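# Structure assessment
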Amino acid sequence: TGDNNGRWAGSYDWPLDRDAFAAAVRSTLRRLRRHPSLMLVAGGNELYPRDRSPPDFALAAALAETAAARVAYVPSSMDGGLDGGDPALHDDAYALAPDDGPYSMLTPAELARTNPGFDDDDALALSFMPEVGSCALPDSVEALAAFIPPDQLANTSSPAWSLHRFESFARADGYDFLAAYNVTPRLLPPEEPRHEAAALLDAARLAMHQQAQLLFESYASRLFRAHAAVFYWKTQSPWPALRGFFYDWTLLQPNGNFRGAKTANALRRLQYDSARSQLLAVNRHPTRSWRLGSAAPLAYDWLDLRGRLLRTGSVNATPALIPPLSSARLARAEPPASCRPVCLLSIHHDRGALYWLSPHTDPPDYSAIGACCRDVQLASFRASCLPGDDDLSTANATRVLVDLQLAPRSDLLFYPQLTLTFAAQPNSWRPPVYARGDQRPVVRPGATSRRILYLVPPEPAFRGLDYSNHPTCAHIDSVTLTALNFRPRTLPLRSGPPSNSRAADMPR
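So, how was this worked out
- Residues numbered from 1 in each chain as written.
- Predicted model: local features only at pLDDT ≥ 70, side-chain atom pairs only at ≥ 80, totals over all residues.
- Heavy atoms only, no water.
- Helix = DSSP H or I, 4+ residues; strand = E, 2+ residues; numbered from the N terminus.
- Buried < 20%, exposed > 50% of the residue type's maximum accessible area, 1.4 Å probe, protein only.
- Contact = heavy atoms within 4.5 Å.
- Areas by Shrake-Rupley, 256 points an atom, 1.4 Å probe, with all protein chains shown as cover.
- Disulfide = S-S within 2.5 Å.
- Pairing = 2+ DSSP bridges.
- Axes fitted to C-alpha atoms, helices over the stretch in contact; angles between N-to-C directions.
- Core = buried A, V, L, I, M, F, W, Y, C linked by side-chain atoms within 4.5 Å.
- Parallel < 35°, antiparallel > 145°, perpendicular 65-115°, else oblique.
- Left-handed = near helix turned anticlockwise from the far one by under 90°.
- Nonpolar A, V, L, I, M, F, W, Y, C, P; charged D, E, K, R; others polar.
- Salt bridge = Lys/Arg side-chain N within 4 Å of Asp/Glu carboxyl O.
- Patch = residues over 30% accessible without salt bridge, like charges linked within 9 Å, V, L, I, M, F, W, Y side chains within 5 Å.

## What about the overall build of the chain?
- What the chain contains, in helices and strands, is eight helices and 25 strands.
- Going through the 508 residues of the chain one by one, you find that 50% of them count as buried.
- Of all intrachain contacts in the chain linking residues separated by at least 6 positions in sequence, the fraction that spans at least 24 positions is 68%.
- Summed over its atoms, the accessible surface of the chain is roughly 23800 Å², and 52% of this surface lies on carbon and sulfur atoms.

## With respect to the state of the cysteines
- Applying the stated rule across the entire model yields two disulfides.
- Disulfide pairing is shown between C339 and C343; the S-S distance is 1.9 Å. Disulfide C339 to C343: torsion about the S-S bond roughly -90°, handedness left-handed. Residues C339 and C343 agree in their burial class; the two are buried.

## Focus on the sheet that holds strand β14 (residues 343-348)
- Read across the open sheet, the four strands follow the order β11-β10-β14-β15; overall the sheet is antiparallel. Across the chains shown, the open sheet's two edge strands, defined by having one partner strand only, are β11 (309-315) and β15 (354-357). Adjacent strand axes in the sheet meet at a mean angle of 20° when their direction is disregarded.
- With four bridges connecting them, β14 and β15 associate as antiparallel partners. Across the sheet, the residue bridging to S346 is L354, located in β15.

## Quick notes on unusual backbone geometry
- Of note, the amide linkage connecting S53 to P54 takes the cis form, showing an omega dihedral of 5°.
- Mapped onto the elements of the fold, P54 is located in the loop between β1 (41-42) and α2 (56-69).
- Cis peptide bonds are those with omega within 30 degrees of zero, and the linkage from D362 to P363 qualifies with 0°.
- One non-glycine residue, R70, lies in the positive phi region at around 55°.

## With respect to the side chain of S277
- Counting through the fold element by element, S277 comes out in the loop between β7 (268-273) and β8 (278-283).
- With near-sequence residues (within four places) excluded, S277 lies in contact with Y272, A331, R332, A333, E334 and P335.

## Focus: the nonpolar core
- In this structure, F169, Y181, L344, W356, I369 and F414 are the most contacted members of the largest nonpolar core, which totals 46 residues.
- When contributions to this core are tallied by element, the ones reaching two or more residues are α4 (141-144), α5 (159-163), α6 (195-220) and β15.
- Looking at this core, the element that brings in the most residues is α6, giving ten residues.
- In this view, F414 contacts L206, L305, L344, W356, I369, P441, V442, A483, L484 and N485; residues no more than four positions away in its chain are not counted.

## A closer look at the packing of helix α1 (residues 18-32) against α2
- Orientation of α1 relative to α2, taken along the N-to-C sense of each, is 20°, at an axis distance of 9 Å. Judged by the angle between their axes, α1 and α2 are roughly parallel. Every pair of crossing elements has a handedness; the one defined by α1 and α2 is right-handed. Along the contact surface, α1 presents R18, F21, A22, V25, R26, L29 and R30, while α2 presents F57, A58, A61, A62, E65 and T66.
- The residue inventory of the contact of α1 with α2, partitioned by class, reads eight nonpolar, one polar and four charged.

## Some remarks on the pattern of salt bridges
- Counting across every chain of the model gives 19 salt bridges.
- Taking the shortest distance from any N to any O, the salt bridge between R50 and D91 comes out at 2.3 Å. In this pair, R50 is assigned in the loop between β1 and α2 and D91 in the loop between β3 (76-78) and β4 (95-97), connecting sequence segments 41 residues apart.
- What emerges from the salt-bridge pattern is a single network uniting D139, D202, R205 and R259.

## Quick look at the packing of α6 against helix α7 (residues 256-264)
- With their axes 7 Å apart at the nearest point, α6 and α7 run at an angle of 30° to one another. Here α6 runs over α7; the crossing is right-handed. Packed against α6, whose contacting residues are R205, M208, H209, A212, Q213, F216 and E217, the element α7 presents G256, N257, R259, G260, A261, T263 and A264 at the interface.
- Of the residues contributing to the contact of α6 with α7, the split by class is five nonpolar, six polar and three charged.

## Quick word on the sheet that holds strand β19 (residues 417-422)
- As summarised here, the arrangement of the three strands in space is β19-β23-β24, forming an open sheet in which the pairing is antiparallel. With partners counted over all chains shown, the strands left at the sheet margins are β19 and β24 (486-492), one partner each. Strand-to-strand twist across the sheet, computed as the mean angle between neighbouring axes with direction ignored, equals 20°.
- Relative to strand β23 (residues 476-483), β19 is paired through six bridges, and the arrangement is antiparallel. Bridge assignment links Q417 to a residue of β23, and that residue is T482.

## Description of the pairing of β14
- Within β14, five of the six residues are buried, which leaves it mostly tucked inside the rest of the structure.
- Summarising the sheet, strand β10 (residues 298-303) and β14 pair through five bridges and their orientation is antiparallel. Opposite A299, over in β14, you have H348 as the bridge partner.

## Comments concerning a nonpolar patch on the surface
- A cluster of nonpolar side chains, contributed by L163, W239 and W249, occupies part of the molecular surface with about 330 Å² of accessible area.
- Residue placement: L163 occurs in helix α5.

## Examining the pairing of β24
- Sheet analysis places β23 next to β24, joined by five bridges and oriented antiparallel. In the sheet register, T480 faces β24, and the bridge partner there is T490.
- From the end of β23 to the start of β24, which pair antiparallel, there are two residues.

## Remarks on the side chain of S237
- The residue S237 is located in the loop between β6 (229-232) and α7 in this model.
- Judged by its relative accessible area of 10%, S237 is buried.
- Beyond its immediate sequence surroundings of up to four residues, S237 is in contact with R243 and W249.

Structure (C-alpha cells):
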C-alpha cells in the first residue's frame, strides 16, 4: 500500500470504507503470519507523514495482528519528507530509512561510507536499507539489439535509449564511469557495425561489476554492527528498462552487476576496503565461526596491468576466529606509489578477492585498462561437454567445462567471458547459461583457469510448456572466449552422442 494513499496520488482520506480496509489488513496478516519467508511487516511503501499515513485504524489493526504473531512491524519503508530524502525528518520508530538509493554510480570512496549515497552519513543509523540500486546494461550486443535499433545501439542519448529509461553512468559533475575505462572498439573488426556498442558494453561490464561488488562489500564490512539487511532493487524490471538489473530481459544472461554482487556475497570472504587501505574478513554463516588459521600469514600481491609484481605483502590473521554473522578488520595493506593510474590487488586465499584500483587519483582513472595488455598468449584452450550434473542433482542438465592456460610471458587476460553457440533446431528454445568454477575477473600469466557453464532446464511442467528439446551436448556447436583485451576465439565442439564426453584442443 502507499502509492495511492495521498502522498503520491489519491487522497489521505482514502479508503472511504474503513471497516473493509481494516478487515483486509487483519485477513492478510493472519494468512501470511506463519509464512517461512516472512521477515517483517511494513505498513506501506514510502508513506508520509506519520500522523496521516498509515491511517490510525489500519495501524491499530496491523499492530494487533503482528503483536499476536510475534512478527516485527514498521509503519513505512522510508519517510524523509513529502519528497523524501531529508534525513532531518527521519524517525527510526516510523520508517527504516529517510530515502531509498543510491541508484547512480558512486566512486569507491563514496561506496565505502557507512551509508553509501547519503550526505549526512555519520548522523544516520540505518540498520536496514530497504532499497538500493544502480545503473545497468545487458552483457551482450545481441541482448541490447533485441529492443534498440541498429543505428542507435551505441548512442545512449538516442530516443530508443530514452524510451527504455536508460540510467546514465555519468554524474552531474561530468565524470563518466564508462568513459573512465577508455575502452576502444577493438574486439570486433572495424567493419562490424556493432563494434562500438561492444566497446560500450565492455566498459559497462567492468563498471557494473566493481559498483555492485563494492556496494555489497560496504554493507558487509559493518555486518550486524551498523547494518543488518539491505535490499537491491531490483534483479530485473517488469519490462526491458535499461536500469538496475542483474540479467538481461531477452536472453537471461547475467551481467556485471550479477557477477559483482555474487563475488561480494560469498558465505565467507576476505575483502579490501580501499578507502581505509585495510583487509577485512566477513563471515555470513548464521551459526559457525570462521577460523582463518594462524599457521601461515595471509598474503597479497599488488600487480601492474601486465601481471608484473609491484609489491607483495602478508598479514597475520588477528583475530583468527571470526564469529558468525560478523566482520573483522585485519590489517592495513597500503597500495604502492607505483600504482598509477591503476593496478590490481590479488588476495591469496581460497576466500580471497581481486580488485582493480586507482588509489592515487580522484575521481578514479581506469583509462589504462582500456589500452593495455594486448599481447595475450594462450598456452592451451580446451572444452568438453558432459551430460548431467552431480552438484545440482539435475540429471537432465548439461555442462561445458573449459580449461584455459596463459603462457608465462603472456599479458594477463582481463575479464574473460564464455558464450555458447547452439545448432539451429525447430521448436527448440534457448536456455539460460549459468557460470561456475573459476569466476576470477583476471587470469594471470602462466595461470590455469577452469570455468564451467551449466544449462539447466526448468521442471517439465513449468507453465505447461514442453522442454523436451532442451539442448544437450550434441546441440552445442562451439564455445567462444572473449575478454576486454582479447579478440574472440571460437573453439568448435565435435558432434557426438550426448552421453559421451568430448573434447577439442586448440594449441597455442
